[in-house]
Each structure stands twice: as C-alpha cells, then as structure tokens.
Amino acid sequence: MHYEQLLPFPDGFLWGASTSAYQVEGAWNEDGKGPSVIDTHMHRPDGVADFTVAADHYHRYAEDVALFAELGLRAYRFSIAWTRIVPDGDGEINPAGLAFYHRLIDELRAKGIEPVVTLYHFDLPAALDDRGGWSNRETIDAFARYARILFEEFGGKVRYWLTINEQNMMVLHGKAIGTTGRSGDADQRTVYQQNHHMFVAQARAMALCHELLPDAKIGPAPNIVSVYPATCAPEDVIAADDWDAIRNLMYLDVAVRGVYHPLAWAYLVERGIAPELADGDLELLSSGKPDFIAFNYYSTQTVGASRGDASDIQTRGGDQQIVRGEVGLYRAVKNEHLPTNAFGWEIDPVGFRTTMRRLWDRYWLPLIITENGLGAVDELVDGRVRDDYRIDYLRRHIEQIRLAISDGVDVFGYCPWTAIDLISTHQGISKRYGFIHVDRGETEPGSLARTRKDSFHWYQRVIACNGADLG
Ligand code: BG6
C-alpha cells in the first residue's frame, strides 16, 4: 500500500545499536572470566582475528558509552557473558564479572541510554559444554539459575531483557558460527533435543523474569526472514511455508504460544529427529510468555519445491544467512530481484516491512529489531570512513520501519548491528558493521583508537529528529 501521509515514529522510540559480549569485549580470560565454547572451540583460520582482544570494549567501555551518548542512542543492546558471571556455568559467582556489568549499566543509565540486555549470545560456558552442553538437561537449570542471578542483580536497572540470541541460527548453522562446542558434529536428532532444552530454558527465564521483576519486559531474539516462494507454482508455496515454519515460526510459536508449530513438528517426526519431551515440559513452555518479540533481520530467503536431488542444495557454505536447501523439503533459489552485499547476503529492505507485518499479524506483540546492518570492508583514510553504502542500507531499512508503523505494526525500537566495530562471526575484523571505527587489523593489534564514521553523523541526525528526516 502507498501512503500520502506516513505515521511518525512514536515518541520514545528506542533508537539504538547492538553488540554481543564475545565479539566486542575482549579480555577473554581476565578478572575471573571462565572460557566459553567460543574460546575453546572457535578456531579461526590463519590471518583472521580471534575474540581475545576484540574491540577491547571491556577496558574502554566508558569511552565507548560516551560516544554512544554523543551519537544520541536511546538504547544499547548488548549481551552479558555468562562466563564472567558464573565462570563454570553453574558454580561460584564471580564478583568481578558482576562489577563490570554494573559499571557498564550505570554508565549507560547516567547518559540516559536504556540497556537492552541479552542473557546469552552464542557463548555457552565451556564447563557446561564439557558435560554435554544443551544435550544435558542440567544446562536448563544452570541457565535458569544464571538468569535469576542477573534478574536479582540488575533488575533494578534493566527494563528490557532478551533471552537467547538467534537460537535458530545455533540450531541450523551452529557449526559454522562456532556455538556448538563439543557437539559440533552432533546428529540432527541431538541438535533438536538441544533445541528443545533451550526452549524450556527460555520459558523458565521468561517466567522467572515476570515473577521477580513485574515491571520488566522480556522476549526472544531469533533471526527472522520472510520466506518467498520462487514462483507462484503451488508446490513452491508449500515449500516456502514448510521452510518458514522450520526456520522461523517454530522458534516464535514455542516462545509465544508454548507449542511447536504443526508443520515444524511434522517435519521433525517425519525425519525421526523429534525431541523427547519430559513430563511437565509443555506446562513449562506455556508458563513463560514474552512481552515483545525481538528479532534480527538481514535478508529474506527464496525457496522452491524440492527436486529430490542434490541440485536442491546450495554449495556456498559456512554462513548463517545462506539458503541451504534440503532434499525432500525445499530448494535454495537465488532471488534475481535482489542485490547482494560484498559477502553474498541478499539485501531486501521491502522484505523487512513484509517481515514486520507478518510477525505482527501472527503474534500481535510489539516488535523491536535487535540486529540489522551492512557488513562491509571499511577504509579509514585521512581520519575518515566514508561509509555512504552503510548509510544507504540503513536509510532504506528505516524507511520500511516507518511504512510498517503506518501499516499499523507496533514497532518500538531499532538496534542496528553494530554500535561499534567488532569481530564478525566469520570474517574477523575485515567485515565491519559499526558506526564507530576501531583501529585494529586481523592479526596486528593496532591502536584500538575510535573514529566516528560518516554513518555516525548521519544516524545522529536521524535520532535527533526521531526519524522524521532520513537525510
Ligand atoms: C547474527 C549474529 O547472526 O549476525 C551476530 O547474532 C553476527 O553475532 C551477525 O555478528 C552478523 O554476522 P557476521 O557473520 O557478519 O558477523
């Protein structure tokens, strides 16, 4: 629909930006932090930055928050490293870890920036992984205890909580993004049992949050794409619906409705990979209800009916945004209407609007976008990063949020990826997303100096006028 008059962004819209602990903090083994699966199992190819120093945010958080305030951020979405708080996952609490996040949150609040806190962003404690990780039901208890610690400790200062970042990407691409630890080669049956345990853990965290913090809000944070059928052939539509259920809707249906999406469950049963549900699991799943849906959006996916042979499967491997294809289920199709970024990810701002409309239509819960952005090879020349390509990407996506709001969708925040340059899940520091440049190379440490990119000044103006003028 075209509008003569668009609705404005609501007052108090949470203009923000995002990071995650292991990708930004560094200080991977300082002040009592325990190792996570990222530290023990995320082996980078030669010449690609690891996560040990990252952007050194752990030591430079005050300088970074001052820059976020100058940028005008109203929200900062970050994750807490489980292994800073409970180094072995379920044992002693580490006071130095708590102290760090108190300092960070206090600094944010002092500058009027709303903390939006992810409990768990890919970095499962290695000690839990040693005992089976998410295959082991004890990890559910460990997560619930960890969540309780965070709610009791930070509940007075944090109003918005996110449970698990991109559980669907951990399930579908866990090996590629390095989140699976020892179970990296687990069979699909095991992976979906782990998935089920994460669902139960998430539900317990949501129920606990409401019990302990009646004024706080909590939601899941999956990676959501709209799935397009390759053509209007009915078989392609069936394939698109099936894949949508398995990739997207299962994660939201369980979180919001406490039940598995029927198509997703049928797939799991048909493949012989359905998880075992323990007594009481269904009650637990429906006891935890989100207040909103947070989602990460980078692209859409286009699929066709399976041809039943290897041509269904895309050969381009190794990253979370690809459409892989599965024999007997769906075929990966390139969308000829969409350009791709330098790393092969399709760019689809209109699909962003479609995604918001569909989520609102299905769940009627307020939406916040917790990731969206352009990974690019930025160059610092004469003290300046001219990232007009990023401005263009963000502008075209923000336009679609305004359209979705005019469509009647309740969107209350936008936190693009990333507030500051950090280490990408695959391409080290060469693939940057930030509004703030960090001076470091893949293997050379660099000065770690911070420089405002052109996109910083642009986003600052956007926030200042509450999105009325996207420049
Ligand atoms: C999301 C993750 O999948 O995509 C982030 O939540 C990640 O952790 C982001 O960094 C971008 O992906 P990449 O591979 O470009 O770093």
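This section reports on the structure supplied with the text.

### A look at the overall build of the protein
At step 1: Helix and strand counts for the protein come out as 15 helices and 13 strands.
At step 2: For 471 residues, the compact-globule estimate of 2.2 N^0.38 gives 23 Å, and the C-alpha radius of gyration of the protein, at 21 Å, lies within 12% of that figure.
At step 3: Counting the 471 residues in the protein, one finds 61% classified as buried.
At step 4: Within the protein, contacts between residues separated by at least 24 positions form 76% of all contacts whose residues are at least 6 apart in sequence.
At step 5: Taken as a whole, the protein presents about 17,400 Å² of accessible surface, with 52% of it coming from carbon and sulfur.
At step 6: Charge centroids of the protein, computed over 46 positive and 66 negative side chains, lie 3 Å from each other.

### Quick word on the packing of helix α8 (residues 167-177) against helix α9 (residues 188-212)
At step 1: Two elements in contact, α8 and α9, have axes separated by 10 Å at closest approach and are oriented at 170 degrees. Classified by the angle between their axes, α8 and α9 sit roughly antiparallel to one another. On α9, the residues touching Q167, M170, V171 and L172 of α8 are V191, Y192, N195, M198 and F199.
At step 2: The residue makeup of the contact of α8 with α9, split by class, is 7 nonpolar, 2 polar and no charged.

### Digging into the site of the ligand
At step 1: Around the ligand sit 16 residues in total, of which Q23, E166, T425, K431 and Y433 are the nearest.
At step 2: A distance of 3.3 Å is found between an oxygen atom of the ligand and a side-chain nitrogen or oxygen belonging to W417.
At step 3: Within the side chain of Y433, one N or O atom sits 2.5 Å away from an oxygen atom of the ligand.
At step 4: Out of a free accessible area of 380 Å², the ligand has 100% covered by protein chains.
At step 5: Along the lines of polarity and charge, the residues of the shell around the ligand split into 5 nonpolar, 8 polar and 3 charged.

### A closer look at helix α5 (residues 95-110)
At step 1: With 16 residues, α5 extends 22 Å between its outermost C-alpha atoms, agreeing within 8% with the 22 Å of an ideal straight helix rising 1.5 Å per residue.
At step 2: Restricting attention to buried positions, one finds in α5 the residues G97, L98, F100, Y101, H102, L104, I105 and L108.
At step 3: If you follow the buried residues of α5, they end up packed against α1 (21-24), α3 (57-71), β2 (75-79), α4 (82-85), β3 (114-120) and α7 (138-154).

### Observations concerning the side chain of N195
At step 1: Relative to the helices and strands, N195 resides in helix α9.
At step 2: Looking at N195, the relative accessible area reads 0%, which means it is buried.
At step 3: Setting aside chain neighbours within four positions, we find N195 in contact with Q167, V171, M250 and Y251.

### What to know about empty space enclosed by the protein
At step 1: The tally for this structure, following the rule as stated, stands at 7 cavities of 30 Å³ or more.
At step 2: In this structure, the largest cavity spans a volume of roughly 170 Å³.
At step 3: In this structure, the second largest cavity encloses a volume near 130 Å³.
At step 4: Lining the second largest cavity are 14 residues, and of these W134, T179, T180, Q194 and M198 lie nearest its centre.
At step 5: Counting residues per element, the ones that place at least two in the lining of the second largest cavity are α8 and α9.
At step 6: The dominant element in the lining of the second largest cavity, judged by the number of residues it contributes, is α9, at 4 residues.

### As for the pairing of strand β1 (residues 14-18)
At step 1: Taking burial as the measure, the 5 residues of β1 include 5 buried ones, the bulk of the element.
At step 2: Burial along β1 is two-sided: the residues L14, G16 and S18 and W15 and A17 are all buried.
At step 3: Where β1 meets strand β11 (residues 411-414), 2 bridges bridge the pair, whose relative direction is parallel. By the bridge assignment for β11, L14 is matched with G413.
At step 4: Relative to β2, β1 is paired through 3 bridges, and the arrangement is parallel.

### Concerning the pattern of salt bridges
Any two side chains of opposite charge can pair if their charged atoms end up close together.
At step 1: Taken as a whole and assessed by the stated rule, the structure comprises 30 salt bridges.
At step 2: The partner of R357 in a salt bridge is D407, and the shortest N-O contact between them spans 3.0 Å. Here D407 lies in the loop between α14 (388-406) and β11 and R357 lies in helix α13 (residues 349-363), a separation of 50 residues in the sequence.
At step 3: By relative accessible area, which is 37% here, R357 ends up partly exposed.
At step 4: Since its relative accessible area comes to 23%, D407 is described here as partly exposed.

### With respect to helix α15 (residues 454-464)
At step 1: Within α15, the full set of buried residues consists of D454, S455, F456, W458, Y459, V462 and I463.
At step 2: Tucked inside the fold, the buried residues of α15 contact β1, α3, α14, β11, β12 (436-438) and β13 (450-452).
At step 3: The first or second residue beyond α15 is N466, which carries a positive phi of 50 degrees.

### Describing the nonpolar core
At step 1: Ranked by internal contacts, the top residues of the largest apolar core, which has 142 residues, are W161 and Y459.
At step 2: No other element matches α9, which puts 11 residues into this core.
At step 3: Every residue in contact with Y459, bar those within four places of it in the chain, is listed here: W15, G16, L71, L73, I398, Y414, P416 and F435.

### Section: the sheet that holds strand β5 (residues 217-221)
At step 1: Overall, parallel pairing links the 8 strands, which are arranged β5-β4-β3-β2-β1-β11-β10-β7 in an open sheet. Of all the strands in the sheet, the pair left with one neighbour each is β5 and β7 (293-296). Taking the axes of each pair of neighbouring strands and ignoring which way they run, one obtains an average angle of 25 degrees across the sheet.
At step 2: Here α14 sits on the sheet in contact with β1, β10 (367-371) and β11, set at roughly 170 degrees to β11.

Calculation criteria
- Residues numbered from 1 in each chain as written.
- Predicted model: local features only at pLDDT ≥ 70, side-chain atom pairs only at ≥ 80, totals over all residues.
- Heavy atoms only, no water.
- Helix = DSSP H or I, 4+ residues; strand = E, 2+ residues; numbered from the N terminus.
- Rg over C-alpha atoms; globule rule 2.2 N^0.38 Å.
- Buried < 20%, exposed > 50% of the residue type's maximum accessible area, 1.4 Å probe, protein only.
- Contact = heavy atoms within 4.5 Å.
- Areas by Shrake-Rupley, 256 points an atom, 1.4 Å probe, with all protein chains shown as cover.
- Lys, Arg positive; Asp, Glu negative; His and termini not counted.
- Charge placed at Lys NZ, Arg CZ, Asp CG, Glu CD.
- Axes fitted to C-alpha atoms, helices over the stretch in contact; angles between N-to-C directions.
- Parallel < 35°, antiparallel > 145°, perpendicular 65-115°, else oblique.
- Nonpolar A, V, L, I, M, F, W, Y, C, P; charged D, E, K, R; others polar.
- Near = heavy atom within 4 Å.
- Polar contact = N/O pair within 3.5 Å; in protein donor to acceptor, adjacent residues only side chain to side chain.
- Expected span 1.5 Å × (residues − 1).
- 1 Å grid on protein atoms, 1.4 Å probe; cavity = no way out; pocket = protein on both sides within 12 Å on 5 of 7 lines; lining within 4 Å.
- Points joined across faces, edges and corners; volume = space filled by probe spheres on them.
- Pairing = 2+ DSSP bridges.
- Salt bridge = Lys/Arg side-chain N within 4 Å of Asp/Glu carboxyl O.
- Core = buried A, V, L, I, M, F, W, Y, C linked by side-chain atoms within 4.5 Å.

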